Amino acid sequence: MKYDIIVLGSGPGGYVAAIRASQLGFKTAIIEKEHLGGICLNWGCIPTKALLKSAQVFDYLKHASDYGITVNGYDKDFNAMIQRSRGVADGMSKGIQFLMKKNKIDVIDGAGKLKPGKKIDVTAADGKVTEYSADHIIIATGARSRELPNLPQDGKKVIGYRQAMNLPTQPKSMIVVGSGAIGVEFAHFYNSIGTEVTIVEFLPNIVPLEDEDVSKQMERSMKKAGLKIMTNSSVERIDTSGSGVKAFVKTAKGEEVLEAEVLLSAVGIKTNIENIGLEACGIATDRDKILVNDFYQTNIPGYYAIGDVVPGPALAHVASAEGITCVEKIAGLHVDKIDYGNIPGCTYASPEIASVGLTEKQAKEKGYELKIGKFPFSASGKAKAAGAPDGFVKVIFDAKYGEWLGCHMIGAGVTDMIAEAVVARKLETTGHEIIKSVHPHPTMSEAIMEAAADAYGEVIHL
Ligand SMILES: Cc1cc2nc3c(=O)[nH]c(=O)nc-3n(C[C@H](O)[C@H](O)[C@H](O)COP(=O)(O)OP(=O)(O)OC[C@H]3O[C@@H](n4cnc5c(N)ncnc54)[C@H](O)[C@@H]3O)c2cc1C
């Protein structure tokens, strides 16, 4: 019952930390009360991408004639889409089970509660409590859908992301409150398969964390696809007494009443930091997050925290990177702190969005003199051949030293292209080095090289 490292929670933060710990020779255990793989594999990144794939295949069928193909008698099967998505998630979770076994990590089923003295009580499903202890305890308990007081979730008419990816029947209409990545991905999925979707966003732009040009393009593309979008609008209250949901929306022009079968609340996350013993151990928190230093140590020696429970972007790849950094530091390796200015963010709707670094507004606010280049996919041979001319690549360089400050892309497949910008920025690559790096033709990635060339007045295909 004594380990070198115990990890509490098995999401992409926890399970990756456990594997790295085992690789480094630590006797490791991981505690999980639900499914191995956490939100990401079971209720987040992976099942949503499976649903979005179904939407894409359906879209291809709808537009098959554009590609010279006649398809007769096709239809969608909502239930089969959901079952496929759940199957993919289950398969991924079993994969983590295999990885735990392969790395000789003990998996402890149950809900863990921290105690002083680097101990944890684990309550199993049958109520039996067992005490474990470790030299180092890593908290990776993640987060859940955030509930607003005026949007209480009943799981049926007013739902969070878990229900949205597991509904028994396809709703005819849906209100999506919040237009971050999660809201926009579900809005796109349901709209693609024929649900009437309205997005309500409090801020002036949808996908509000993105560069304004990207937000505007996304709004145009989503409206073209048939979605209704209300920005500068907030749902003040709801009424679920009838057969569906009525949402009373405050807009610049006054109150508007929307009616739909379901309302998806996608207004962010709430960390799982209650009832895990933080107070008993004296572990400091602030604004719903556990406070940690650059190497994820809390204020109490021997206790660490990573992933969604700590400040920073709530993303799977961030959680994993934090887990690895935390464990390598515990092992005494020379390890650099994570550069939070170089974390890519992606939205997997259609078109996709991918970005890293500063937006144009942020770069201007920081006082940089800028060189900005943009290349539209409508001028890309590959995008035209693929029938995906919507979107662009926008790159932002510092005029003085050529530093690549930001890269913002919207279009088909851009989520697979953003890693180029991440690596280049890590290696302090300048704009001219991007222009002189020969990109393969025809690819969507040429648009990055062309956008860089545009920044320096050297663009070829515009
Ligand atoms: C719909 C949706 C789509 C998303 N899509 C993406 C995406 O495309 N890309 C991306 O990067 N991120 C995405 N995310 C975010 C991503 O899922 C999270 O950032 C990531 O899962 C956080 O990892 P984590 O390890 O911190 O915690 P989690 O994945 O939340 O895992 C925490 C685990 O801890 C367990 N746990 C909690 N308390 C206890 C306890 N007391 N005892 C034992 N176990 C406990 C939970 O059961 C859970 O399994 C998405 C999220 C959602 C909701």
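Located above this text is the structure these notes cover.
In this report, we go over the structure that sits alongside the text. Keep in mind the model is a prediction, meaning the values are calculated, not measured.

## Side note on helix H12 (residues 418-426)
No. 1: For H12, every residue scored as buried is listed here: Ile418, Ala421, Val422, Ala424 and Arg425.
No. 2: Those residues of H12 that are buried lie in contact with strand E20 (345-347), strand E21 (352-357), strand E24 (404-411) and helix H13 (431-435).
No. 3: Downstream of H12 by one or two residues, Glu428 has phi in the positive range, about 55°.

## Examining helix H14 (residues 446-455)
No. 1: Among the ten residues that make up H14, nine are buried, leaving the element largely enclosed by the rest of the structure.
No. 2: Residues of H14 that are buried sit in contact with strand E22 (370-376), strand E23 (392-398), E24, H12 and H13.
No. 3: Positive backbone phi, at 70°, marks Gly457, one or two positions downstream of H14.

## Regarding the side chain of Thr48
No. 1: Among the structural elements, Thr48 can be located in helix H3 (residues 45-62).
No. 2: One polar contact links the side chain of Thr48 to the main-chain carbonyl oxygen of Gly44, over a distance of 2.7 Å.
No. 3: Leaving out residues up to four positions away in the same chain, Thr48 has contacts with Met165, Glu185 and Phe186.

## Comments concerning the pairing of E23
No. 1: For E23, a buried count of seven out of seven residues is recorded, marking the element as mostly surrounded by other parts of the structure.
No. 2: Neither face of E23 is left uncovered, since the one carrying Phe392, Lys394, Ile396 and Asp398 and the one carrying Val393, Val395 and Phe397 both have all their residues buried.
No. 3: Here E23 runs beside E24; their pairing, made up of six bridges, is antiparallel. Bridge assignment links Phe397 to a residue of E24, and that residue is Trp404.

## With respect to the sheet that holds E23
No. 1: Taking strand neighbours across the sheet as the criterion, the five strands line up as E20-E21-E24-E23-E22 in an open arrangement whose pairing is antiparallel. With one partner strand each, in any of the chains shown, E20 and E22 form the two edges of the open sheet. Geometrically, the sheet is characterised by an average inter-axis angle of 10° between neighbouring strands, direction not taken into account.
No. 2: Lying over the sheet, H12 contacts E20, E21 and E24, oriented at roughly 175° with respect to E24.

## A few points about the packing of aromatic side chains
No. 1: Tallied over the entire structure, the rule returns six aromatic pairs.
No. 2: An angle of 75° between the planes, with centres 4.8 Å apart, marks the rings of Phe189 and Tyr190 as edge-to-face.
No. 3: Overall, Phe189 belongs to the buried group, its relative accessible area being 1%.
No. 4: Taking the centre distance of 5.7 Å and the plane angle of 45° together, the rings of Phe397 and Tyr456 count as tilted. A residue pair is termed long-range when its members are at least 10 positions apart, and Phe397 in strand E23 and Tyr456 in the segment after H14 qualify at 59 residues.

Cut-off values and rules
- Residues numbered from 1 in each chain as written.
- Predicted model: local features only at pLDDT ≥ 70, side-chain atom pairs only at ≥ 80, totals over all residues.
- Heavy atoms only, no water.
- Buried < 20%, exposed > 50% of the residue type's maximum accessible area, 1.4 Å probe, protein only.
- Helix = DSSP H or I, 4+ residues; strand = E, 2+ residues; numbered from the N terminus.
- Contact = heavy atoms within 4.5 Å.
- Polar contact = N/O pair within 3.5 Å; in protein donor to acceptor, adjacent residues only side chain to side chain.
- Pairing = 2+ DSSP bridges.
- Axes fitted to C-alpha atoms, helices over the stretch in contact; angles between N-to-C directions.
- Phe/Tyr/Trp six-rings, centres within 6.5 Å; stacked < 30°, edge-to-face > 60°.

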